[in-house]
Structure formats: C-alpha cells, structure tokens
Amino acid sequence: MMAGPFAYRRAETSQQACELLREFGEDGKLLAGGQSLIPMINLGLAQPSALIDISRLRELDGLELRDGLLRIGAAIRYRALEQSGDVRKAAPLVAEAIRYVGNQRIRNVGTVGGSIAHADPAAELPLVFSVLEATYEVTNGRSQRSISAIGFAQSRYSTLLAEDELLVAVKLPGAEPGWGWGFQEIARNAGAFAMVAVAALVRTNGGVVQELRLGVAGIGDRAIRCRRYETAAVGSQLDDLPEGSPFLIDDLVAADDPLTPATYRLRVANVLARRAVTDAWRRSTAAVS
Ligand SMILES: Cc1cc2nc3c(=O)[nH]c(=O)nc-3n(C[C@H](O)[C@H](O)[C@H](O)COP(=O)(O)OP(=O)(O)OC[C@H]3O[C@@H](n4cnc5c(N)ncnc54)[C@H](O)[C@@H]3O)c2cc1C
C-alpha cells in the first residue's frame, strides 16, 4: 500500500518537537528509528499528516552509569545497549533481553524510546523495564515528569504519554548485590516478535527467596507483572517454588490469536517462568555464596 502525503519536520530541540506535536495534534507523529512507525504507515495502519523527526536530538542521547543509576537516552539504539559494558554491568537483564529484539538490522536502527512509546505487547524492553522498576523521564517542552515503567502501557499501542509529550530517557537502578536475573523467550522464528517472553529477578538468602519479580510479555495487551506469583514465591527454596500455573493464569488474561490458542501460550509462559526464575535463583545464590 502507498503511504499518503505527509509533512516532514526535523526538530532541533525537544521543546520544538513538543511544539510541533501541539501544532499538528493527533495527526502528528514523532519519528525515531522508524522501525514500527514506517511499517504501520506502509500497511495503512497509521496515516499521520506530519512526521516530526527526533532522531538527531542531542537531548535524547547519552548512556551513562553514575552513582549506581543507569540513564539511557530515548534515542539510544538497541545496538548501543547491546555493546555497552555499563549495561552489562548495571543491567544484565537488559543486556540479555536485547539479543532477542528483531534482527541485527532492526537493532541497528530501532530506539529505546520508540520501543517504549510504541508499546507492542510482545516487546522485550517494556517487559524488562517493568521488572527492573525503571522510571521514564518525559517532557512536553514546558515541564518534565517521571512515570513508572509499571503501568506505563495502558493497552496495545497505548501509553500514559500525553499527545504533546515525548520520552527523554529511562532511569534504572543499577544491579544490587545478591540479585540474580533470568530471561526466556520463544518466538515462531528467529528475529520475530516473542510469542511469550518472561523476565525474572530473584534475591535469596541461604537459598531462600527473599524477593522475587516476574513479568510476562506476549500474552494480553501489555507486559504484565505476576504479582500473585511474586508474593507466593517468597520464603521458598528452588525445589518448593510454587507451580506457576494457578498464579500466572490469575494475573494473565490471554486471548487467542490467529496462530496460537491462548491455552498454549499460557502453558509456554508457565514453562518459561519456571526456567527464568530458576536461572535468577541460581545467579542469586552464586552471588551470595
Ligand atoms: C521485522 C521487525 C521485527 C521486529 N522485532 C521486534 C522484536 O522482536 N521486539 C521488539 O521489541 N521490537 C521489534 N520490532 C520493532 C522495533 O523494535 C522498533 O524499532 C521499535 O518498536 C520502535 O522503535 P523506533 O525507534 O523504530 O520507533 P518509531 O518506529 O520511529 O516510532 C514508534 C512509535 O513510537 C513513537 N516514538 C518514538 N520515539 C519516541 C519518543 N522519544 N517519545 C515519544 N514517542 C516516541 C513514534 O511516534 C511512534 O508512534 C521489530 C520491527 C520489525 C520491522
């Protein structure tokens, strides 16, 4: 399908980008890496009257680890995350998850901010940012606010961002001693979106779970934290961790899609959750022994 005509503007500052968003209203779209927006335009799923190019905004750049806090600019590309020693050190869960995003071509171009704002329910980054309890810095050009990654996506392709706001950066607390991490994903083929992806963080003491965080993407309309499982697992050893199913099913509302029945994806989520939690438990116990 041919894209319809649209205006193209390159913003020089984030303030200008927000002003252009206000000028064009809901028909104006920010353009970062274009790896989701352009396919949507080509498929006729989005028909913006204007594209506001933010790919060269210096304010959205930068990847730094300072005082135990990792700050990732919204325009940082997946490839830069993949290659960063700071990310491997402070957020190994992110470093692991990034390998599953699309293919090398997508990772060379797609951005962190684009992934978060696009809010695909199967995307890896919103999942790991929710488990890591990241904070998103957002601006409308006049004022800034911080939004928790948990609850940022409201449903498929919908977030808490106002029409004139743009994402500036993600802030992550660096990995603390004693925590272990695990990430598991199954996709129909290499480079495709996840059918199910699971991220886990576990902190143990003497092999006993003190704290656990578990998130699942690919089921439902956004990444979900499995709160009932997280609570039930505290006080368990590896061998007596709760069976995932009853807890996961409680937290996850799965719908059939044309290729995969919901019951199958829930079964996969259950298996992947067990594997991710086991990996996280092992890393945690190795770290504290
Ligand atoms: C073949 C293929 C396979 C893929 N596989 C995966 C996968 O496995 N996992 C995965 O997570 N993704 C996958 N993607 C999507 C890819 O990761 C996109 O790059 C990403 O979703 C969007 O990032 P972008 O920078 O390209 O954003 P764009 O496409 O430029 O923008 C996407 C949306 O975000 C908005 N936006 C962008 N930046 C900002 C900002 N700073 N503030 C506010 N709004 C903003 C835009 O207005 C637009 O609505 C795949 C894409 C393709 C084409």
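Throughout what follows, the structure given in this document is the object of discussion. Just so it is clear, the model here is predicted, and its values are computed rather than measured.

What counts, and where the lines are drawn
Residues numbered from 1 in each chain as written. Predicted model: local features only at pLDDT ≥ 70, side-chain atom pairs only at ≥ 80, totals over all residues. Heavy atoms only, no water. Buried < 20%, exposed > 50% of the residue type's maximum accessible area, 1.4 Å probe, protein only. Helix = DSSP H or I, 4+ residues; strand = E, 2+ residues; numbered from the N terminus. Pairing = 2+ DSSP bridges. Contact = heavy atoms within 4.5 Å. Axes fitted to C-alpha atoms, helices over the stretch in contact; angles between N-to-C directions. Near = heavy atom within 4 Å. Polar contact = N/O pair within 3.5 Å; in protein donor to acceptor, adjacent residues only side chain to side chain. 1 Å grid on protein atoms, 1.4 Å probe; cavity = no way out; pocket = protein on both sides within 12 Å on 5 of 7 lines; lining within 4 Å. Sits in = over half its atoms within 2 Å of the grid points. Points joined across faces, edges and corners; volume = space filled by probe spheres on them. Nonpolar A, V, L, I, M, F, W, Y, C, P; charged D, E, K, R; others polar.

### Quick notes on the pairing of strand β6 (residues 135-139)
Thought 1: Burial runs high along β6: four of the five residues are buried.
Thought 2: As defined by bridge partners, β6 adjoins strand β7 (residues 144-148) across five bridges and the pair is classed as antiparallel. Of the residues in β7, the one forming a bridge with T135 is S148.
Thought 3: Where β6 hands over to β7, the hairpin turn is made up of four residues, of which G141 adopts a positive phi near 90°.
Thought 4: Here five bridges tie β6 to strand β10 (residues 166-173), and the two strands are oriented antiparallel to one another. Bridge pairing in β10 places V138 opposite L167.

### Focus on the side chain of S236
Thought 1: Looking at the secondary structure, you find S236 in the loop between α9 (227-233) and α10 (244-251).
Thought 2: With residues near it in sequence (within four places) discarded, S236 still touches G207, V208, V209, L241 and P242.

### Observations concerning the sheet that holds strand β3 (residues 50-53)
Thought 1: Sheet architecture is open: three strands sit in the order β1-β3-β2, paired in parallel fashion. Strands with a single pairing partner mark the edges of an open sheet, and in this sheet they are β1 (7-10) and β2 (28-31). Averaged over all pairs of adjacent strands, the angle between strand axes in this sheet comes to 25°, irrespective of strand direction.
Thought 2: Across four bridges, the pairing between β2 and β3 is parallel. Within β3, the position partnered with L30 by the bridge is I52.

### Remarks on the site of the ligand
Thought 1: The environment of the ligand is made up of 31 residues, and the closest members are L30, Q35, Y78, T111 and E124.
Thought 2: For the ligand, an oxygen atom lies 2.8 Å from a polar atom in the backbone of G33.
Thought 3: L167 is positioned with one of its backbone polar atoms (N or O) 2.9 Å from a nitrogen atom of the ligand.
Thought 4: Mapping the ligand onto the cavity grids shows that it belongs to the largest pocket.
Thought 5: Among the elements of the structure, β2, α7 (112-118) and β10 are those that each provide at least two residues to the shell around the ligand.
Thought 6: The dominant element in the shell around the ligand, judged by the number of residues it contributes, is α7, at five residues.

### A closer look at the layout of surface pockets
Thought 1: Considered as a void within the structure, the largest pocket measures approximately 1300 Å³ in volume.
Thought 2: Forming the boundary of the largest pocket are 49 residues, of which S36, L37, G114, A117 and H118 lie nearest the centre.
Thought 3: When contributions to the lining of the largest pocket are tallied by element, the ones reaching two or more residues are β2, α2 (37-42), α7, α8 (124-131), β9 (158-159) and β10.
Thought 4: Here the lining of the largest pocket is composed, by residue class, of 28 nonpolar, 15 polar and six charged.

### Some thoughts on unusual backbone geometry
Excluding glycine, a negative phi dihedral is what most residues carry, and trans is how most peptide bonds are arranged.
Thought 1: For D67, which is not glycine, the phi dihedral falls at a positive 50°.
Thought 2: The backbone phi angle of A119 is positive, close to 55°, even though this residue is not glycine.
Thought 3: Within the fold, A119 resides in the loop between α7 and α8.

Everything listed here is a matter of coordinates, which is why it stays silent on function.
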